[in-house]
Amino acid sequence: MKKSVLILLFIILFTSSAFRSINAIEIEATDYELTIYSYESLLADPGYDFVEGYSNYSGISEENIRLVLVEDANTIVTQAVLEKNNPVADVLIGIDNVLIHTAKRENILIPYSSPSLENISEELIDNLDPEHYLLPFDYGIIALWYDISRINSSSVPEINNLTLDDIISLELDKMLVVEDPTLSSPGLGFLLWTIAVYGDPSINFEGLLGQDWRDWWKETSDNLRITSSWGAAFDVYSSEEENRPIMVSYGTSPAYDVCHPLWGVGTEVDPPSAVFLSNENELENAWLQIEGIGLVNGAPNEENAKDFIDWFLSEELQENIPLNNWMYPANNQTEIESCFLETAINPEDVDILNYLIPPNMLSENLDNWKSEWELEIVDFSSIVMIILTISVGAISYNFARKRK
Amino acid sequence: MFSANLKKRARVDSGLNKSIIVLVILAFGSFLILFFYAPLSKIFQFALTEGNQLTFSYFIETITNPLNISFLLFTFAQAFLSMIICLILGIPAGYFFAKYDFKGKNLILNLMTIPFVLPAIVVLLGFIVVYGESGWINSIWTGLTGINSPIIEIFGTFEGILIAHVFYNLSVIIRMTIPAWKSVDIEQINVAKSLGASNWFILRKVIFPQIINYLVSAALLVFVYTFNSFAIVLYLGEVRFQTLEVRIYKLMKSSLDFNGGATLALIQLILNTIIIVLYLFFESRTRQMAEGKDGIFGNEKISFSKKNWRKNISMLLFITFIFTLMIFTFSPIIAIVIESFQPYADGISPFWGYQQLFSTEYMPLLSNSPLRLLLNTLLFATLTTILTLILSIFLVFVLRNRYQSLKKYRRSLTENFVSYIIILPMATSSITLAIGMFLLFNNTTIYLEYVWVLIVLTHVLISIPFASRSILSAYNRIDIEMLNVASTLGASRFRIFAKIEFPYIFRGIVVGGIFAFAISLGEFAASNFLVRGEYGTLAIGISKLIKTQTLQLPATMASILVLITIICFLVIQKFGDIELKV
């Protein structure tokens, strides 16, 4: 009796859940007028709701604009490639000057010469993509961001004049968080930074120093903490018990601590964080990241997508970039808050490493570099050897015993 | 005349029988061919052909790639070590549970099995809450010693992965070694003792040969599970440690190297098949050994005697050991529930996570509201249960339809064939199933619009071995003679099924069905690979939120899964014994 009641209960549970969830699936068949793929931290802190902004501007209702957020720019590209025969997205936001090579090779974008480009400097456009497959919307340098309360010029006197070599010799790598370059775009930027500085003898690329980038990673790999995304790196960086007060981030990151409307300390007091670059050959070296917005090849809503891109590059949106996306806006007509200008490093003031690696070299070697990087990081041959020895020993002991 | 009538009827009946069998085989076969073998052949195609030509270049490239080699070695190494640690902890625990009888023994045993039936992603979350850098253990450690560096690091470390795997699989060893200890023949031990054998000698020469098959098959099972571990290694391993499963996933999803991913999946499939065949071999030997022995060993009361203080101390140590294991297995589960009521920031209500279920705040990140994810999860699980049960009953029917000719029974060609084609789905990892589906269907409407169908079908394929196993073990208890008698007396095939077979296998069906439900509920690897748009499940939702600092919402989702799993598990306990074996 009891059992039959139990069974009955289960059947009711099954059917009712089935019934309701079928509804849940059916409802989703909304006709979207615009679908946007982006990474999850875009304009997110403290937050500017660009979907609402565009809805107000264009008159398309918010429910008909679908925003899909993925972990990182790299996932945007892979998602779009997986869908390239039947595209879902209309606009991709956040592919940068490195990922563009994959995006172009996979044919997921088509060129669009937006009228808004007239306010974007030639140099930025040329550095990202002269063919306009991808249009720059913001830029900034990759930099090593550190928490001044935990590491500063009294604990590391050379902190304002470091080289990548110094990171090893001063054991700063034990305090450093980097993002996985195979998954994250700032992580990839930093990998290219090391390649541009040290060079790659296997393709006769001199770089700045004429050494081998692999050596730097080999030396540091045991000490680094590697995370899958910028957000995960920030979690490690900000929890003190992790003891990792340096992370690969952006030259604009100090502005985040100073100018943030909620917890920014303001320009009157000493800033809580700062960044350092690498100072090889008396230069201030850093990798420049330019983020772009692009129109999907075969976009279901091409006209709306173009309109959205025009709007995204206009001053109305661009003025939100500095204090929400914490980057320099690409549109040069945009007014930038003085707080941001004072604290964020301007890419024009540093020596950009990108010019050392020409686009064709980058696109030819990118995949190779990534997998060779993995090879430097993944090194547990010693453990494996121990285990193999143990198991071989155990098996042979067993055999020997049976023979007796 | 009467007998002629009967004969005629029997002939009609056997004709009907044959057609039923043919129909069932057709249904089952076409399902397997369409959703298992066709996707699998697509993997072969990506791995072994270029254009239309057979090529081994991908194969050679994959197998000589140093990264793949080191990940392959790592996969073996971690599975081997996890297995050894599970054995070291599990064998004594199994001995304890087999030998002693005490109040609440079954309850403890059942509770200790719960981690195994929990979704990997939930286990992972519980692990992060307890052992993570700012988790319980490390907070206590910092509080006690004032040292501001964690005592346990689980992210990006070998030991983190091992601890999680041991936690997850320990109960397999404990549960599977209990019958081993129970099958030990006490008489032999007594004889050996009376002949003056030392304890060590008895253990080695008398007990060991009797339990070795059980141990090997249990160990191989743990090896299979850890060899194909996905969620735990994906999140704890960072880049440094990847199982083949994770590597295949990353090749397919991050590098878009379909050929490389398919080739590696093929290699993994071969290795898995070898392990599974080995496992089936040892497992069938345990069944032979178990025959005719029952309950010789065991059911002693736990007792302390005043005279024998050495025995008391060892008993005390033993109990402490079991107690530690219990804390080890329960704490992450309890931690999840507590965490779901733990406000992630000041001024947040403890029920924030549960309120969030009904909001759409996390919509862009989760591609759907948490409530919808829950409903999707339940719907997929229900569909999976129904389909799995139908197919498993078909399968058992085909395998065991031999009542009419028992006397001259030989393993028929179909049975041989069927058992071979069944081994293959068992040996296929979730990721392999998913990429097969993906490669075959990725340009069809079914993938683009109704990807949930593929997700459900993958869940069905994953659950069939478990469900058919429990139905089969129920079926094996039927006295075949009874079926023969019924048939001689003129009952039709359908009537025999309805009146004799079905009541017998009913328990098996319930247990198998709930097992399928539980598997689908928490399945992560394949769903995560296939998912598109709004068809996410709770497990996928948890994985998306697991890296954020606020663990309250994912812990809430996980608590729901824990609750449903425990209910399922309790129902299984009501109906019969849980089969951890594949």
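Everything numeric here is computed off the predicted structure, so don't read it as measured data.

**Q** Just checking my understanding: could you explain the overall build of chain B for this structure?
**A** Regarding its fold elements, chain B presents 25 helices and four strands. In chain B, which comprises 582 residues, the proportion classed as buried is 47%. A separation threshold of at least 6 residues defines the contact pool for chain B, and within that pool the share at least 24 residues apart is 81%.

**Q** Just to check I follow, could you spell out the overall build of chain A for this structure?
**A** Secondary structure summary: chain A contains 16 helices and 13 strands in total. A burial count over chain A gives 45% of its 404 residues as buried.

**Q** I would appreciate a short explanation of helix α16 (residues 370-399) of chain B in the present structure.
**A** Note: α-helices contain 3.6 residues per turn, so residues at a spacing of three or four share the same orientation. Between its first and last C-alpha, α16 of chain B extends 42 Å over 30 residues, near the 44 Å set by a 1.5 Å rise per residue. Counting buried positions over the 30 residues of α16 of chain B gives 24, a clear majority of the element.

**Q** I keep staring at the confidence of the model for chain B and nothing clicks. Help me out?
**A** Should pLDDT be low for a region, the predicted coordinates there are not to be read in detail. Taken as a whole, chain B shows an average pLDDT of 83; of its residues, 89% reach a score of 70 or greater. Below a pLDDT of 50 lies the segment residues 403-409 of chain B, which in the model reaches nine contacts outside its immediate sequence neighbourhood of four places, other chains included.

**Q** Sorry, what's going on with the environment of Ala 143 of chain A here?
**A** If you trace the backbone, Ala 143 of chain A turns up in strand β5 (residues 134-147). With near-sequence residues (within four places) excluded, Ala 143 of chain A lies in contact with Ser 249, Tyr 250, Gly 251, Val 275, Leu 277, Ala 286 and Ile 345 of chain A.

**Q** I keep staring at unusual backbone geometry and nothing clicks. Help me out?
**A** Most of the time, phi is negative for any residue but glycine, and the peptide bond is trans. Positive phi outside glycine occurs at Glu 171 of chain A, with the angle close to 55°. Despite not being glycine, Leu 256 of chain B shows a phi value in the positive range, around 55°. Inspection of the secondary structure assignment puts Leu 256 of chain B in the loop between α11 (244-253) and α12 (258-290). The partly exposed category is assigned to Leu 256 of chain B, around which 16 C-beta atoms lie within 10 Å.

**Q** I would appreciate a short explanation of the packing of helix α5 (residues 120-131) of chain B against helix α7 (residues 158-182) of chain B in the present structure.
**A** Residue and element names in this part refer to chain B. It is the contact of α5 with α7, at a shortest axis distance of 11 Å, that shows an interaxial angle of 125°. By the angle between their axes, α5 is oblique relative to α7. Handedness of the crossing formed by α5 with α7: right-handed. Of the residues in α7, those touching α5 at Val 123, Leu 124, Phe 127 and Tyr 131 are Ile 163, Ala 164, Phe 167 and Tyr 168.

**Q** In this structure, what is going on with the pairing of strand β3 (residues 91-96) of chain A? I would like to understand it.
**A** The side chains of a regular strand alternate between the sheet's two faces. All names here are of chain A. Among the six residues that make up β3, six are buried, leaving the element largely enclosed by the rest of the structure. Two strands pair when backbone bridges link them, and strand β1 (residues 34-39) and β3 are joined in this way by two bridges, in the parallel orientation. Bridge pairing links Tyr 37 to Leu 92 in β3. Bridge count for β3 against strand β11 (residues 288-296) is five bridges, and the pairing is antiparallel. Residue pairing for β11: Ile 93 is matched across the bridge by Ile 293.

**Q** How should helix α3 (residues 66-99) of chain B be read in this particular structure?
**A** Over its 34 residues, α3 of chain B runs 49 Å from end to end, which matches the ideal 50 Å to within 8%, given 1.5 Å per residue. At Gly 90 of chain B, α3 of chain B is bent by approximately 30°, the largest bend along its length, and proline Pro 92 of chain B sits one to four residues beyond.

**Q** Help me out: how do you make sense of the pairing of strand β2 (residues 65-70) of chain A in this one?
**A** All names here are of chain A. Extensive coverage of β2 is indicated by the burial of five of its six residues. Summarising the sheet, β1 and β2 pair through six bridges and their orientation is parallel. If you follow Tyr 39 over to β2, its bridge partner there is Val 70. Handedness of the β1-helix α2 (residues 50-58)-β2 crossover: right-handed.

**Q** Got a minute to help me understand the domain arrangement of chain A in this structure?
**A** Residue and element names in this part refer to chain A. Domain annotation of chain A identifies domain 1 (34-139 + 291-342) and domain 2 (140-288 + 358-377). Domain 1 and domain 2 are separated by 25 Å when their C-alpha centres are compared. Looking at the side of domain 1 that touches domain 2, the elements with two or more residues in it are α3 (73-82), α4 (99-105), β5 and α14 (338-343). The element best represented in the side of domain 1 that touches domain 2 is α14, accounting for three residues.

**Q** For this particular structure, what's the right way to read the environment of Trp 287 of chain A?
**A** Residue and element names in this part refer to chain A. Tracing the chain through its elements places Trp 287 in the loop between β10 (285-286) and β11. Spatially, the C-alpha atoms of Trp 287 and Ile 151 are 23 Å apart, while their sequence positions differ by 136 residues. Each residue touching Trp 287, except ones within four places of it in the same chain, is listed here: Ile 141, Ile 142, Gly 189, Phe 190, Leu 192, Trp 193, Ala 196, Leu 353 and Asn 354.

**Q** So what exactly am I meant to see when it comes to the packing of α7 of chain B against helix α9 (residues 199-227) of chain B here?
**A** For any two helices packed against each other, the geometry is given by the interaxial angle and the distance between the axes. Residues and elements named next belong to chain B. In the contact formed by α7 and α9, the axes pass within 9 Å of each other and the chain directions differ by 160°. Between α7 and α9, the angle falls in the class roughly antiparallel. Where α7 crosses over α9, the handedness of that crossing is right-handed. Along its contact with α7, which presents His 165, Asn 169, Val 172, Ile 173, Met 176, Thr 177, Pro 179, Ala 180 and Trp 181, the element α9 presents Ile 211, Tyr 214, Leu 215, Ala 218, Leu 221, Val 222, Tyr 225 and Thr 226. Partitioned by chemical class, the residues of the contact of α7 with α9 number 13 nonpolar, four polar and no charged.

**Q** I'm lost on the confidence of the model for chain A in this one. Help?
**A** Of the residues in chain A, 89% have a pLDDT of 70 or more, and the chain-wide mean is 87. Segment residues 21-29 of chain A: pLDDT under 50, and 10 contacts once partners within four positions in sequence are set aside and those in other chains are kept.

The rules we used
- Residues numbered from 1 in each chain as written.
- Chains lettered and ligands numbered in written order.
- Predicted model: local features only at pLDDT ≥ 70, side-chain atom pairs only at ≥ 80, totals over all residues.
- Helix = DSSP H or I, 4+ residues; strand = E, 2+ residues; numbered from the N terminus.
- Buried ≥ 20, exposed ≤ 12 C-beta atoms within 10 Å, placed from the backbone.
- Contact = placed C-beta atoms within 7 Å.
- Expected span 1.5 Å × (residues − 1).
- pLDDT = per-residue confidence, 0-100.
- Axes fitted to C-alpha atoms, helices over the stretch in contact; angles between N-to-C directions.
- Parallel < 35°, antiparallel > 145°, perpendicular 65-115°, else oblique.
- Left-handed = near helix turned anticlockwise from the far one by under 90°.
- Pairing = 2+ DSSP bridges.
- Bend = angle between axes of the 7 residues up to and from the residue.
- Right-handed = clockwise from strand over helix to strand, strands pointing away.
- Domains from an automatic or database assignment.
- Nonpolar A, V, L, I, M, F, W, Y, C, P; charged D, E, K, R; others polar.

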